[in-house]
Every structure is written in C-alpha cells, then in structure tokens.
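Observations on chain architecture
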Amino acid sequence: MPSRYYSAIAQDTQLVATAASTDTTITLAAMVGFPSNYPYVLALDFNTAVEELVLVTGTTGGTVLSVTRGFNGSAPTSHKIGAQVRHVIVAQDL
C-alpha cells in the first residue's frame, strides 16, 4: 500500500467553489496545517449524509487541489460552496 501523509495540526476549511461529482479539482478557502506532501485524504461535507472521501494527489496552485474522487469506497457526489472539509485518516491505514 502506498504511503499517505498526515498532519495533527490541519484546520477544517470549506469549499469556495462547487464540486460536481466528476470534477478532479477542488478549491478550498485555506489549507492551514495541511500536509506538504501527497497523497493525503480529505472528507468533503464532513460528518453529513453526503460525506465523500477524496485522495489529494497534488495542487494546481494556491488552494486548488487535484483529487481522486470516491476514495476508499465512498460515493462521488456534488458538493456546494461552504461544504466543510476536514483532513482525515481512513480505516485501511490503521
């Protein structure tokens, strides 16, 4: 299994642009404390019925991240501006 990166100081943030279920980039309000290496996992719409895990594979600049949608068996879904985003660890890493 490839390594993933983690941070104990990553702060929750929000989407500042909608994310359609097929988008391969997401735009965040901030990335305070996020890992500086890739890949790592984010939960979009954290702790809601439409929560989706995405694998962050890089950045296209600033707070725009390249992602693999529907990570770890979650379903790719659309997310609205303001959706809560949290850096998380997944069960398969434990």
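In what follows, the structure referred to is the one given above.
Overview of the structure. (Residues numbered from 1 in each chain as written. Predicted model: local features only at pLDDT ≥ 70, side-chain atom pairs only at ≥ 80, totals over all residues. Heavy atoms only, no water.)

Assignment of secondary structure puts His79 in the loop between strand E5 (64-68) and strand E6 (84-88). Looking at His79, the relative accessible area reads 2%, which means it is buried. Among the polar contacts made by the side chain of His79, one reaches the main-chain carbonyl oxygen of Thr77 at a distance of 3.3 Å. (Helix = DSSP H or I, 4+ residues; strand = E, 2+ residues; numbered from the N terminus. Buried < 20%, exposed > 50% of the residue type's maximum accessible area, 1.4 Å probe, protein only. Polar contact = N/O pair within 3.5 Å; in protein donor to acceptor, adjacent residues only side chain to side chain.)

The subject of this paragraph is the nonpolar core. If you look at the biggest cluster of nonpolar residues, it comprises 14 residues, and the most contacted ones within it are Leu15, Ile26, Leu28, Leu42 and Leu65. For this core, the secondary structure elements donating two or more residues are strand E3 (40-44), strand E4 (52-61) and E5. A per-element tally of this core places E3 first, with 3 residues. Discounting chain neighbours no more than four positions away, the residues touching Ile26 are Leu15, Ala19, Leu42, Leu44, Thr63, Val64, Leu65 and Val67. Counting 7 residues, the second largest nonpolar core, distinct from the first, contains Val41, Ala43, Val88 and Val90. (Core = buried A, V, L, I, M, F, W, Y, C linked by side-chain atoms within 4.5 Å. Contact = heavy atoms within 4.5 Å.)

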